[in-house]
Structure formats: C-alpha cells, structure tokens
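Coordinate inspection notes
Given next are the chains, with one letter for each unit.
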Amino acid sequence: MGRQSRHARERDGDGPSGGAGGLPRALALTLASALVWGVAHFVTGRRIAGTLLLALYTGVAAAVAAAATVYRSDLLHLAVQPDVLQRLSAGLIALGLVWVLVVIRSYQILRPLRMSISAKTLGAASVAVMCFAVGVPVAWSAHSTYVYRDALTSIFRTGSENGKKVDAEDPFNGQARVNILLLGGDAAADRTGVRTDSMTLASVDTETGDTVLLSLPRNLEQFPMPPGPARDRFPYGFTGDGPLNPGLLNEVYEYAEQHPDVVPGVPKNHRGPELLKATIAGVLGLRVDYYILVDMFGFADIVDAMGGVKIKVTEPIPYGLEGAVLQPGDRTLNGKEALWYGRSRTNSSDYVRMGRQKCLMRAIAEQADPQTVLTSFDKLAAAAKRTLSTDIPQELLPALVKLSNKVKDGAQIRSLQFVPPLIYSGNPDFKLIRKLASDAVNSDPHAVSAPPSGGASASPSPSPGSPDGTAPPKPDTKPVSLDATCP
C-alpha cells in the first residue's frame with residue numbers, strides 16, 4: 001500500500017524522478033536550472049511550473065537588460081532616491097531567496113530515488129555550493145544597496161527636516177545658477193572647534209553645467225557681517241573673539257558655534273555653516289544656496305578608499321613633522337599625502353595651496369569612476385559619513401546628478417581666486433570683489449582670461465609694490481580654466 005502511494009505521488013509530480021544517469025545527471029540539470037529557471041521542471045514533465053519559472057526568469061532578465069541599456073541614463077537619477085533604494089534592497093533579498101529555492105527544488109525533483117550515504121552527502125554539498133554561488137552575489141548587492149542608502153540618508157536630510165523643500169518640477173526654483181559653498185574644515189580629535197581653511201563658492205549654470213569656482217582666502221580681514229545680531233555685534237567688520245583670534249574669515253564658523261546668539265533660531269549643527277554662508281554671500285554679492293563641509297582629516301580616508309589619487313606634483317612639497325617631502329613628478333598620492341598636498345604651506349603660502357586644492361578636487365572628481373567606487377564601496381560609504389556634512393536636501397539630488405553629468409561631459413570649469421596681487425587680504429576692496437564675482441558668473445565661459453583693460457573698477461587692490469621697485473604683474477581679473485592652470 002505504501003509503495004503504491006509513493007508511485008502515485010511520483011506520477012503526480014510530488015516526488016523525485018532521477019531517471020537514467022543518476023546523480024551526475026541530476027546535478028548537471030540542477031546547475032542548468034540555476035542558470036535558467038525551469039529546466040529541471042521541463043525535464044521531469046512539470047510543464048506548468050517550468051513555464052511559470054521560465055517566464056519569471058525571463059521577466060527579471062529583461063528588466064535588468066532594459067535598465068542597463070534603454071534606461072541606463074535614468075539609473076543615476078534613481079540611485080539617489082532613498083525610497084527606490086529601499087525597494088531595490090528588499091527586491092534583491094526576495095530574488096536571492098527565490099533563486100536559492102529554485103535550486104533546491106530542482107535538485108529535489110531530479111535526484112535519484114535510491115542513493116548511498118556518500119552520494120547523498122555529495123549531492124547535498126554540491127547543491128549547497130550552487131546556492132552559495134547564486135545567493136552570495138545577490139546578498140552582497142542587497143547589502144551594498146543598504147549601506148549606500150544608509151550613507152545617503154545620513155549625509156543628506158529631507159527638505160522637510162532641514163526646511164529646504166524642493167519642487168520636483170522646478171528643483172532650482174527658476175534660478176539660472178545654483179551656488180554651493182564648498183568648505184574644508186580642520187576638525188580633529190586634538191583640535192578645538194572647526195576652522196574653515198578652504199572656502200570656495202561653486203556657481204553652476206543649471207542648463208549647461210558650466211561652473212565658476214570663486215575662492216576666498218582663509219585670512220581675509222575686515223569683512224562685513226550679515227545684517228542682524230552678527231552685524232550688531234561687529235558693525236565695522238568682524239574683529240574676532242579675543243587676542244588669539246584676530247578676525248579672519250576662517251574663524252566665522254567656529255565663532256557661530258561658540259556664540260549661538262548671533263544666529264538665533266538656527267539648530268546647533270547648522271550655526272557655523274549658516275553664518276558663514278550669509279557672510280560669504282555678502283562678501284561676494286552672490287546668493288549662497290547650499291553648503292558642503294568636508295573634514296580635511298577624514299578626507300584622507302576617502303582618498304585611501306579610492307586607492308589613491310593620481311596627480312602631477314610640480315615642485316617639492318614638505319609636509320608633516322618627519323621632514324617628509326612630496327617629490328615632483330607624476331604621483332599616486334595616498335590619503336595622507338593628498339591631504340598635505342592640499343594643506344602644506346611650507347616654502348609656499350595660503351594662496352599657492354589654494355591653487356593646489358582646486359587641482360586636487362578636479363583630479364578626484366575625474367578619477368572617482370564607477371569601477372573605483374564599486375571596488376571600495378563599504379570603505380567609501382563609511383568615510384563619507386564621517387567626513388561630509390551638508391544642507392543639500394535629498395529631493396534635490398536627482399537634479400544635481402543630471403547637472404554633474406553635464407559637468408563631466410565637457411562643461412567649462414573656471415576658477416577665480418581673490419588673492420594677492422588681485423586682492424590683498426589685509427585690506428580687501430569688497431566692491432571690486434563683488435564686481436569681479438558678478439562678471440565671472442555672467443560672462444561667456446569660453447572667453448579667454450585677459451588682463452584688466454583699465455579703469456578704477458577693474459583694477460586690483462592697491463599693492464605695496466615689489467622690493468626691487470618694479471611693478472607687480474597684472475593679475476587675472478577673469479576666471480581661468482582649470483585645464484589651463486592644473487598640470
């Protein structure tokens with residue numbers, strides 16, 4: 001009776017049907033089913049189940065192929081939307097589970113009815129290897145998606161959280177340019193507060209991606225504070241906070257952190273950036289929309305996670321306390337070396353290193369290709385969470401991704417530094433700064449930089465003159481291409 005019932009189940013498709021060939025044939029067909037769902041079911045006569053599995057497999061394969069070809073341009077747009085990433089992560093987990101179940105069930109219906117213990121062990125081990133082979137890549141993809149989403153939501157808050165709501169139909173609110181303040185801070189475990197030693201406003205044309213980088217020196221003095229409590233306290237320009245702080249531009253961030261009354265109503269983590277944004281907006285005479293703060297010491301972790309950054313060093317650059325020197329030549333800098341390439345002032349100046357910082361930013365942007373990002377994904381995500389802070393809302397990211405593609409696809413990137421002899425940081429001409437900034441963002445990006453044509457409004461700040469009595473060289477008053485200035 002029991003044997004008859006078993007044979008009946010096998011005829012109805014509930015039991016194993018190994019057939020001729022034994023275990024090798026069963027394992028071969030199981031492998032085929034792992035590669036193309038439904039093979040095992042067709043072989044054993046389970047056509048309905050096989051058709052359903054094959055249709056599901058074909059649908060998944062077609063969706064992946066379409067995403068990689070037809071909709072490839074939309075992938076980056078979707079990759080910065082946390083809700084999409086959450087659904088993708090859940091979908092990958094479900095796909096992995098289904099795939100493993102298909103492998104297991106395929107072997108169950110193919111295995112021989114009678115096997116020795118050693119054959120059963122070999123079969124189970126082989127199927128486990130197949131499950132591992134299909135499950136691990138899917139699990140890794142789901143994990144990476146989760147890690148990426150976690151980093152994205154940790155760095156970028158929603159518009160409702162930071163008070164910067166974005167209209168998806170008009171993400172830049174009708175503005176011809178979006179202005180993002182790029183800050184490099186020197187916070188560290190052995191340092192008190194944050195000093196922003198690198199301050200650059202990136203003004204990007206929202207249609208073409210053409211970008212102007214306007215850089216202010218850390219030691220700019222006598223600058224006006226924005227209207228409100230800050231100007232009430234410093235009506236004649238910022239003078240610092242005590243004898244150890246002479247009133248330089250790089251002190252504003254820390255001052256706001258320590259004196260919340262100058263930025264009333266602003267959350268603690270945003271006091272420094274908000275006051276500095278308002279201050280720099282007044283100095284340049286331009287709107288400042290958002291900021292990105294990079295912890296300069298954490299920046300080294302990002303470079304290490306990338307495997308280093310290739311750059312041409314044009315002169316010996318001493319750095320650190322050990323007497324180390326970056327030698328000239330084509331170099332691949334590790335994180336520590338890249339940090340000092342952008343920070344070292346030994347045998348140079350603040351203004352020279354400002355130029356090196358722009359070239360370093362350019363090199364990293366060019367070399368952060370998808371392959372580099374994927375091979376060090378976890379390290380990059382962890383380093384980014386430690387290193388970056390911003391008030392750019394999540395909802396703006398799709399529009400910024402499209403804009404960044406335009407920048408990478410040949411948009412002009414030009415730079416103008418307000419440094420001597422154009423502007424003297426101890427006695428700056430703010431009217432000239434505002435005029436040059438306005439001219440820079442409104443000029444033709446393909447225009448060639450030329451010396452000023454004369455007139456008070458286009459002349460650099462008064463110069464103390466050269467020691468040998470000769471006139472100093474005339475500075476550029478128009479932004480110059482990074483391609484022309486970076487080796």
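Look up a bit, the structure's there.
With that settled, the discussion passes to the pattern of salt bridges. A full pass over the atoms with the stated rule returns 15 salt bridges. A salt bridge links D350 to R218; its shortest N-O distance comes to 3.3 Å. Placement of the pair is D350 in helix α14 (residues 350-367) and R218 in the loop between β3 (211-216) and α9 (229-233), with a sequence separation of 132 residues. The burial state of D350 is the same as that of R218; both residues are buried.

Where a protein is soluble and globular, its nonpolar side chains tend to be buried together. L214, L276, L284 and F418 are the most contacted members of the largest nonpolar core, which has 42 residues in total. The set of elements that each furnish at least two residues to this core consists of β1 (177-185), β2 (196-205), β3, α10 (252-258), α11 (271-284), β4 (290-295) and α18 (430-442). Counting residues per element, this core draws most heavily on α18, which supplies seven residues. Counting residues in hydrophobic clusters, the runner-up holds 25 residues, among them L213, A305, I311 and I364.

The next subject is the side chain of Q394. With respect to the secondary-structure elements, Q394 resides in the loop between β9 (388-390) and α17 (397-408). The exposure class assigned to Q394 is buried, which follows from its relative accessible area of 11%. Reaching out from Q394, the side chain makes a polar contact with the backbone oxygen of F156 at a distance of 2.7 Å. Discounting chain neighbours no more than four positions away, the residues touching Q394 are V80, P82, T153, F156, R157 and T158.

Procedures and definitions
- Residue positions within a chain follow its written sequence, with the count starting from 1.
- Local features in this predicted model are restricted to residues of pLDDT 70 or higher, and side-chain atom pairs are both shown and tallied only at a pLDDT of 80 or more, whereas totals for entire chains, interfaces and linings draw on every residue.
- Hydrogen atoms and water are omitted, and side-chain values are computed over all heavy atoms in the structure.
- Each reported salt bridge corresponds to a side-chain nitrogen of Lys or Arg within 4 Å of a carboxyl oxygen of Asp or Glu.
- The helix and strand labels rest on DSSP assignments: H or I over at least four residues marks a helix, E over at least two residues marks a strand, and numbering proceeds from the N terminus.
- Accessibility here uses a 1.4 Å probe with only protein chains present; expressed as a share of the type maximum, an area under 20% marks a residue as buried, one over 50% as exposed, and anything in between as partly exposed.
- In plain words, nonpolar cores are sets of buried Ala, Val, Leu, Ile, Met, Phe, Trp, Tyr and Cys residues tied together by side-chain atoms within 4.5 Å.
- For this analysis, a polar contact is any N or O atom pair within 3.5 Å, provided that within protein one partner can donate a hydrogen and the other can accept it, and provided that sequence-adjacent residues contribute only side-chain to side-chain pairs.
- Working rule for contacts: check all heavy atoms of both residues, and any pair within 4.5 Å makes them a contact.

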